[in-house]
Amino acid sequence: MLPRLIARRITQGVTRGFATQAKGRPELLAKRPDDVVITFAKRTAMGRARKGQLKDVPVDELLNALFKATLEKTKLNPALLEDICVGTCHPPSPLYISRAAAIAAGIPVEVPISTVNRLCSSGLQSIVTVSNAIRTQQIQLGMAVGVESMSLNPRPTPEVVPAIAENPQAHDCVQPMGWTSEMVARAYNVPRQKQDEYALISHTRAAKAVQAGIFSEEIIPVEIRGAVISVDDTVRPGVTLESLAGLKPAFMEDGASTAGNSSGIGDGAALCILTTRSRAELEGWEVLGKYVTSAFVGVEPRYMGISPVAAIPKVLAKAGLRKENVDVWEINEAFASQFAYCVEQLEVPIEKINPNGGSIALTHPLGMTGTRQVVTGLAELKRRGADILCTSMCIGSGMGGAAIFVNEARA
């Protein structure tokens, strides 16, 4: 009964959020001097965890390569930077290694840095953190970064004392993500066949995108140990429904989540430069897009994956948008179980969601994904000549996030 009550409560929120008048769209598209804008948005190529091209590259080395490539590409004077925020989850001493990587890349010691960990939304949180600093006039120019090496820093097992573990919700919020996927599938009746069908969409789209060279528009080549890394090694061509059906459950013997219908674990980094519109115009920097707003929510930890169904209506309501106003959606595919449920509850056309595949095919470096979605989504809007992007993701421990961006670049 409890899952049904949760679903009903969230669905009511969806209805309220989607009923919001679209008075915000003209306002969103208007250009104001104090807008928080994005002048650069790129990512590294991604690598398959423990097997791929970045498997031996620690976070500091990956960040250093991205910082160097960004400064070279943009010709930005790094002394102009006023703050950097790095979203990352599991490397030890993340602030120390992030600052060391920045200094070694030629960013002056006078430029401060912070790190943030909101698990799967850490990259988005870095953008929100820098954007809020700009909006409150603490800074005018900052970098937001998302990075993860799941090869070298896999998810540690959270430990809580027995008195806390006795609380059922507290117990659930530290369980493995694969367990939450199976809980969603069982509670909301998402069968294996449906999960594989949604996974196939992701694999097929990503393979086509790779073949067409689409991702080259969002990837910045980085040099690491004398080799140039510029192409994802995570996408598997030739995936079929039959090959997916042949995979064994990954988390429970009688489960439905497999290596083929769950997000991959991988390595990579992404970066956005943000400033005010007036500063960008003064310096002559191209404006790629605009950050509008974001929303974060909590849900029952056991059903962590359904959280975009709560986060998306909240962010749409804040922006004064209807779902029909959104041109491209980047909704993270943590697991096909939760992704299928969210797509069907939100009633968004699948053609608008992850048009070049999502994390099931591309991989999901935890700290990177929230930034990567923005890089990917803005690049797709540019190709389409379209305007509005909504990104969203479920977040470990039972949370969800979503954000709205406006594209200003034209192909």
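Refer to the preceding data block for the structure.
This section reports on the structure supplied with the text. (Residues numbered from 1 in each chain as written. Predicted model: local features only at pLDDT ≥ 70, side-chain atom pairs only at ≥ 80, totals over all residues. Heavy atoms only, no water.)

1. Concerning the overall build of the protein
Regarding its fold elements, the protein presents 15 helices and twelve strands. Here the C-alpha atoms of the protein give a radius of gyration of 20 Å, agreeing with the 22 Å that 2.2 N^0.38 yields for 411 residues. Along the longest, intermediate and shortest principal axes, the C-alpha atoms of the protein span 55 × 50 × 50 Å. For the protein, with 411 residues in total, the buried portion stands at 59%. Residue pairs at least 24 apart in sequence account for 82% of intrachain contacts in the protein once pairs closer than 6 positions are excluded. (Helix = DSSP H or I, 4+ residues; strand = E, 2+ residues; numbered from the N terminus. Rg over C-alpha atoms; globule rule 2.2 N^0.38 Å. Buried < 20%, exposed > 50% of the residue type's maximum accessible area, 1.4 Å probe, protein only. Contact = heavy atoms within 4.5 Å.)

2. What to know about the layout of surface pockets
Approximately 1,100 Å³ is the volume attributed to the largest pocket. Lining the largest pocket are 45 residues, with Met150, Phe251, Ser263, Gly264 and Ile265 positioned closest to its centre. Within the residue set of the lining of the largest pocket, elements represented by two or more residues are helix H8 (177-187), helix H10 (241-245) and helix H14 (359-362). Here the residues of the lining of the largest pocket are counted per class, giving 25 nonpolar, 15 polar and five charged. When contributions to the lining of the second largest pocket are tallied by element, the ones reaching two or more residues are strand E1 (36-43), helix H3 (59-74) and helix H15 (366-384). (1 Å grid on protein atoms, 1.4 Å probe; cavity = no way out; pocket = protein on both sides within 12 Å on 5 of 7 lines; lining within 4 Å. Points joined across faces, edges and corners; volume = space filled by probe spheres on them. Nonpolar A, V, L, I, M, F, W, Y, C, P; charged D, E, K, R; others polar.)

3. Some points on the nonpolar core
Membership of the largest hydrophobic core comes to 74 residues, with the highest contact counts inside it found for Phe67, Ile84, Leu274 and Phe405. Per-element accounting of this core gives the leading share, eight residues, to H3. Once residues lying within four places of it in the same chain are set aside, the contact partners of Phe405 are Ile38, Leu124, Ile127, Lys290, Tyr291, Val292, Val374, Leu378, Asp387, Ile388, Leu389 and Thr391. Judged by nonpolar contacts, the second largest core, of 38 residues, contains Met252, Val309, Ala402 and Ile404. (Core = buried A, V, L, I, M, F, W, Y, C linked by side-chain atoms within 4.5 Å.)

4. Quick word on the pattern of salt bridges
Where charged atoms from two side chains of opposite charge come close, those side chains can pair. Across all of its chains, the model carries 21 salt bridges by this definition. Residue Lys290 is joined to Asp35 by a salt bridge in which the shortest nitrogen-to-oxygen separation is 3.8 Å. Here Lys290 is found in strand E9 (residues 289-298), whereas its partner Asp35 is found in the loop between helix H2 (24-29) and E1, with 255 residues between them in sequence. Given a relative accessible area of 4%, Lys290 falls into the buried group. For Asp35, a relative accessible area of 10% gives the class buried. (Salt bridge = Lys/Arg side-chain N within 4 Å of Asp/Glu carboxyl O.)

5. A closer look at the packing of helix H9 (residues 192-212) against helix H13 (residues 336-346)
In a packed pair of helices, the relevant descriptors are the angle between the two axes and the axis-to-axis distance. Running from N to C, H9 and H13 point in directions that differ by 85 degrees, and their axes come no closer than 9 Å. Between H9 and H13, the interaxial angle falls into the category roughly perpendicular. Only Ala336, Ser337, Phe339, Ala340, Val343 and Glu344 of H13 make contact with H9, whose side of the interface consists of Lys194, Gln195 and Tyr198. A class-by-class count of the residues in the contact of H9 with H13 yields five nonpolar, two polar and two charged. (Axes fitted to C-alpha atoms, helices over the stretch in contact; angles between N-to-C directions. Parallel < 35°, antiparallel > 145°, perpendicular 65-115°, else oblique.)

6. Some details on H13
The buried fraction of H13 amounts to nine of the eleven residues, a majority that puts the element mostly inside the structure. Every buried residue of H13 is accounted for by Ala336, Ser337, Gln338, Phe339, Ala340, Tyr341, Cys342, Val343 and Leu346.

7. A few points about the environment of Ala212
With respect to the helices and strands, Ala212 occurs in helix H9. Residue class for Ala212 comes out exposed when judged on its relative accessible area of 56%. C-alpha of Ala212 to C-alpha of Ser262: the two residues are 50 residues apart in sequence and 24 Å apart in space.

8. So, the packing of H3 against helix H4 (residues 94-104)
Running from N to C, H3 and H4 cross one another at 35 degrees; their axes reach a closest spacing of 8 Å. The handedness of the crossing between H3 and H4 comes out as right-handed. Within the contact between the two elements, H3 uses Val59, Asp60, Leu63, Asn64, Phe67 and Lys68 and H4 uses Ile97, Ser98, Ala101, Ala102 and Ala104. The class makeup of the residues in the contact of H3 with H4 is seven nonpolar, two polar and two charged. (Left-handed = near helix turned anticlockwise from the far one by under 90°.)

9. Observations concerning the pairing of E1
Buried residues dominate E1, accounting for eight of its eight residues. Pairing between E1 and strand E8 (residues 266-276): seven bridges, direction antiparallel. Paired with Ile38 across the strands is Leu274, a residue of E8. (Pairing = 2+ DSSP bridges.)

10. Remarks on the environment of Thr88
Turning to its location among the elements, Thr88 is positioned in the loop between strand E3 (83-87) and H4. Take Thr88: its relative accessible area is 3%, and that puts it in the buried class. Measuring from C-alpha to C-alpha, the distance between Thr88 and Ser121 comes to 9.1 Å, with 33 residues separating the pair along the chain. Sequence-distant contacts of Thr88, that is, excluding residues within four places in its chain, are made with Pro94, Val116, Asn117, Ser122, Val147, Glu148 and Gly367. There is a polar contact of 2.8 Å between the side chain of Thr88 and the backbone oxygen of Val147. (Polar contact = N/O pair within 3.5 Å; in protein donor to acceptor, adjacent residues only side chain to side chain.)

11. Here we look at the side chain of Asn354
Here Asn354 is to be found in the loop between H13 and H14. Within the structure, Asn354 has its side chain in polar contact with the side chain of Glu333 (distance 3.0 Å). Residue contacts for Asn354: discarding those within four places in its chain leaves Arg205, Trp329, Glu330, Ile331, Glu333 and Phe339.

On their own, these measurements won't tell you what the molecule is for.
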